[in-house]
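These are the residues of each chain, in order.
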Amino acid sequence: MSKAAGDEDGGGMETAEQPEVKTPSGAATIGPDWTRVSCPCCVSERVEPLVLVKLGEKVRPETKRWLIRVIGTPQKDGGAALLAHPGEDASGDIIVLSAPRCTLLKATEELGLCKTYHNEEMEAFSYNDRNNFKNADNMEAFLTLAERQYIVKYELDGLRAQRDLRVPGLPDNYTLQHRDSIWRKLGSAGVIVDTLPLHNPDQLKDLSEAWYSGNQLAQPLDSVNGYFGSSVAFYFSFLDFYTWSLLPLAILGLSITYFSGEVQKEMDESLSGSPVTSDEDSGAAVSGHMVQAVFSMLWSTVVMEMWKRRSSSLSYRWGTMHLAERFAEPRPGFHGDLGVNPVTGRVEPLFPGWQRDLRMALVSVPVVGLFLGLVVLGMLCFYWAEAQVQQLHGDWDSLLSQTLLYVPSVLHIAYTNMLGTVYRTVARSMTEYENHREESAFENHLTAKVLVFTFFNCFAVLFHIAFFKQDVPLLRKRLASLLIVTQLLNQVTEVVIPFLVDRFISAPHRTESEDDPQEDKFRNQSALPVFPGLFGEYIELLVQFGYLSLFSCVFPLTAVLLLLNNLTEIRTDAYKICKLFRKPFSPPAANMRVWQIAFEILSFVSVVSNCWLLLLSPWLQKVCRDGGLSGTNILVLAVVVEHVLILVKVIMSVLIPDEPAWIRKKREHIEFTSMQALREQKLH
């Protein structure tokens, strides 16, 4: 999308009385009403408020009027071609935005969304062929609420200054430079305080009743996609799919724990910290652990392959399987020297790739290394504290000393959670400093930083206990502590604290009645805290998946605890996004993006982890010694078994297609028709 690609003349500095954009009669503001549109097909008796813009307290009326003109001006003249309403009056601190039909349809094509054609098939939308798409004359039926609101944000982010410009009402020394992001610069100047999508109370009420208020087990994923967007819907779809996929593992874990006396003995020893005598034979127990390990490895592969099939089906149903992300406008935070993009031919900020690489090498990598060092420091403190309480328990052998055995684990878990929270903030700042052009590149680099740290922060201690200390009872105790304490901390920090803050601090200041002006109701929505995003939610699921696939063979009840937690997590996550936070903007998504790769990597690593964990089994070591196998032969056998299981996983992943055959045919058909449409446009 380029708002100013065709206006590249240098021009002089504009004065405050001469705004950058031309104001056609069709976009003039008429009193307190919505701006008008000149296109006859966009005229409507009813305008749907989609987005609220909150202005700074000291913004002058002339600045607000200028901003409304920019928003309403056609795209060919450098505007956003949106509808704007000034709120109560020209001096108010809000602007309410909507979008006319043509703007929505053109953005639908730019984003690469697929919609239902007249033959009931999904096709990539084409503006020139818009009359052949179903409901193309009814935007509320053609596009979801989340899509309409994201398009408004998409157009605002694409606003670029066509020449150097002074904004009316701002000091003379504040200037918009040619090709500056208008929305971002006005935000840094304090003119625009916030931009948020507005809730639809009726739709939100219906969604809440169908989602978390009743006793239903199935999630209304299509309604979630319609109201919150495909990014949010994919998260909840994966959470639902993953949660119910835990059921076979949970049943297996319960069976092994109940029927295996040796497993019960091991768990009692781990929980009590003292040896427990038992006459049970250990053969069945080791067999149970081996079954758990092999089943977990195969389970992780099947789950991820089946999820990819489900994901492709959802992306087709939600019209996001043909998204166009390449060659888009630079992200609002991208900066550099103005020049001509050699690929698109547009005038835009350019930033050399070698400078970005240098910033990553000299800043990002050392900072990540520093935080990894803090993880190691916390691990050393944990070991020291663990040794102290073990010695204390040996001297006292009391209920109090037995309770103290868990204190080091609890404190270390709290430390790692706090360190992870701080690191995520630092990682975002580092990624901003790296100055990535595309939003997708920014998100991928940010996610990669967080994943490296998270893997080290959450699993380093467990790997050290398992493969260096080779202390299976301590590993089992540590895993149990993580599963219980981490889940409780997450529920408290993510739901309980926001609920208490909302109930006793925020809610009393935003009371409203049906007779209140609509503008005041909009302001109340802006008083809610900003939705923190799905980053933390995916991290939580990834860590869960790691505990389950990497270490569950030493603690068979892992899947049981995760299943119970996730059944409540679905409802609490739904509750907080509906009630405790602002409605987020949600860009269209075709899948879980880089998170899906992260889950697959963990699935692969689980083979190595489980194979070597089984080597720690005393029964297996005894069998190998009785069979005359030396230590070297045992290692060779473990490597062979590991490679066989990896080969099995690869074969399974190949045999299970990533998408159903009918989806593959639909995707190829959409790509073919899109190429034909592009060829026809070139001919004309």
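These numbers come from a predicted model, not from an experiment.

## Brief notes about the overall build of the protein
And then number 1: Along the protein, the regular secondary structure elements total 22 helices and 10 strands.
And then number 2: Residues counted as buried form 51% of the 684 residues belonging to the protein.
And then number 3: The long-range share in the protein, meaning contacts at least 24 apart out of those at least 6 apart in sequence, stands at 75%.
And then number 4: Accessible area of the protein: about 31500 Å², with a carbon and sulfur share of 60%.

## Topic: a nonpolar patch on the surface
And then number 1: Judged by side-chain polarity, V492, V496, I497, F499, L500, V501 and F504 come together as a nonpolar surface patch covering roughly 580 Å² of accessible area.
And then number 2: Structurally, V501 can be placed in helix α15 (residues 472-506).
And then number 3: Given a relative accessible area of 37%, V501 falls into the partly exposed group.

## Quick notes on helix α8 (residues 230-259)
And then number 1: Counted at 1.5 Å a residue, the expected span for α8 with its 30 residues is 44 Å, and the 44 Å between its end C-alpha atoms agrees.
And then number 2: Considering bend angle alone, the principal kink of α8 is centred on P248 and spans about 30 degrees.
And then number 3: Extensive coverage of α8 is indicated by the burial of 22 of its 30 residues.

## Some remarks on the sheet that holds strand β2 (residues 83-85)
And then number 1: Pairing in this open sheet of 4 strands is antiparallel, and the strands run β2-β3-β1-β8 from one edge to the other. Of all strands in the sheet, those bounded by a partner on one side alone are β2 and β8 (192-197). For this sheet, the mean angle separating the axes of adjacent strands, direction not counted, is 20 degrees.
And then number 2: Sheet topology places strand β1 (residues 51-55) next to strand β3 (residues 94-98); 4 bridges connect them, and they run antiparallel. Residue pairing for β3: V53 is matched across the bridge by I95.
And then number 3: Helix α16 (residues 518-526) contacts β1, β2, β3 and β8 of the sheet and is inclined by roughly 80 degrees relative to β1.

## Considerations on empty space enclosed by the protein
And then number 1: One pass over the structure, following the stated rule, counts 2 cavities of 30 Å³ or more.
And then number 2: As a volume, the largest cavity reaches approximately 100 Å³.
And then number 3: In terms of lining, the largest cavity is formed by 15 residues, of which the most central are T144, E147, S230, S586 and P588.
And then number 4: The element best represented in the lining of the largest cavity is helix α4 (residues 145-157), accounting for 4 residues.
And then number 5: Among the residues making up the lining of the largest cavity, the classes are represented as 8 nonpolar, 6 polar and 1 charged.
And then number 6: The calculated volume of the second largest cavity comes to roughly 30 Å³.
And then number 7: Taken together, Y235, F236, F531, L534, E537, D573, K576 and I577 make up the lining of the second largest cavity.
And then number 8: Those elements giving two or more residues to the lining of the second largest cavity turn out to be α8 and α18 (558-580).
And then number 9: Sort the elements by how many residues they give to the lining of the second largest cavity and α18 lands first, with 3 residues.
And then number 10: The residue inventory of the lining of the second largest cavity, partitioned by class, reads 5 nonpolar, no polar and 3 charged.

## Overview of the packing of helix α13 (residues 407-434) against helix α14 (residues 439-469)
And then number 1: Running from N to C, α13 and α14 cross one another at 160 degrees; their axes reach a closest spacing of 9 Å. Taken together, α13 and α14 sit at an angle that is classed as roughly antiparallel. The way α13 lies across α14 gives a crossing that is right-handed. Residues H412, T416, L419, G420, Y423, R424, A427, R428, M430, T431, E432 and E434 of α13 lie in contact with α14, whose contacting residues are F442, H445, L446, K449, V450, F453, N457 and V461.
And then number 2: Its residues placed into classes, the contact of α13 with α14 shows 9 nonpolar, 6 polar and 5 charged.

## Brief notes about the side chain of H178
And then number 1: Considering the arrangement of structural elements, one finds H178 in the loop between β7 (175-176) and α5 (182-188).
And then number 2: Among the polar contacts listed, one links the side chain of H178 to the backbone oxygen of Q162, at a separation of 3.2 Å.

## What to know about unusual backbone geometry
And then number 1: The phi torsion at E120 lies on the positive side, around 70 degrees, for a residue other than glycine.
And then number 2: Exposure remark for E120: the relative accessible area of 51% places this residue in the exposed category.

Criteria and cut-off values
Residues numbered from 1 in each chain as written. Predicted model: local features only at pLDDT ≥ 70, side-chain atom pairs only at ≥ 80, totals over all residues. Heavy atoms only, no water. Helix = DSSP H or I, 4+ residues; strand = E, 2+ residues; numbered from the N terminus. Buried < 20%, exposed > 50% of the residue type's maximum accessible area, 1.4 Å probe, protein only. Contact = heavy atoms within 4.5 Å. Areas by Shrake-Rupley, 256 points an atom, 1.4 Å probe, with all protein chains shown as cover. Patch = residues over 30% accessible without salt bridge, like charges linked within 9 Å, V, L, I, M, F, W, Y side chains within 5 Å. Salt bridge = Lys/Arg side-chain N within 4 Å of Asp/Glu carboxyl O. Expected span 1.5 Å × (residues − 1). Bend = angle between axes of the 7 residues up to and from the residue. Pairing = 2+ DSSP bridges. Axes fitted to C-alpha atoms, helices over the stretch in contact; angles between N-to-C directions. 1 Å grid on protein atoms, 1.4 Å probe; cavity = no way out; pocket = protein on both sides within 12 Å on 5 of 7 lines; lining within 4 Å. Points joined across faces, edges and corners; volume = space filled by probe spheres on them. Nonpolar A, V, L, I, M, F, W, Y, C, P; charged D, E, K, R; others polar. Parallel < 35°, antiparallel > 145°, perpendicular 65-115°, else oblique. Left-handed = near helix turned anticlockwise from the far one by under 90°. Polar contact = N/O pair within 3.5 Å; in protein donor to acceptor, adjacent residues only side chain to side chain.

Worth remembering: the numbers are spatial, not functional.
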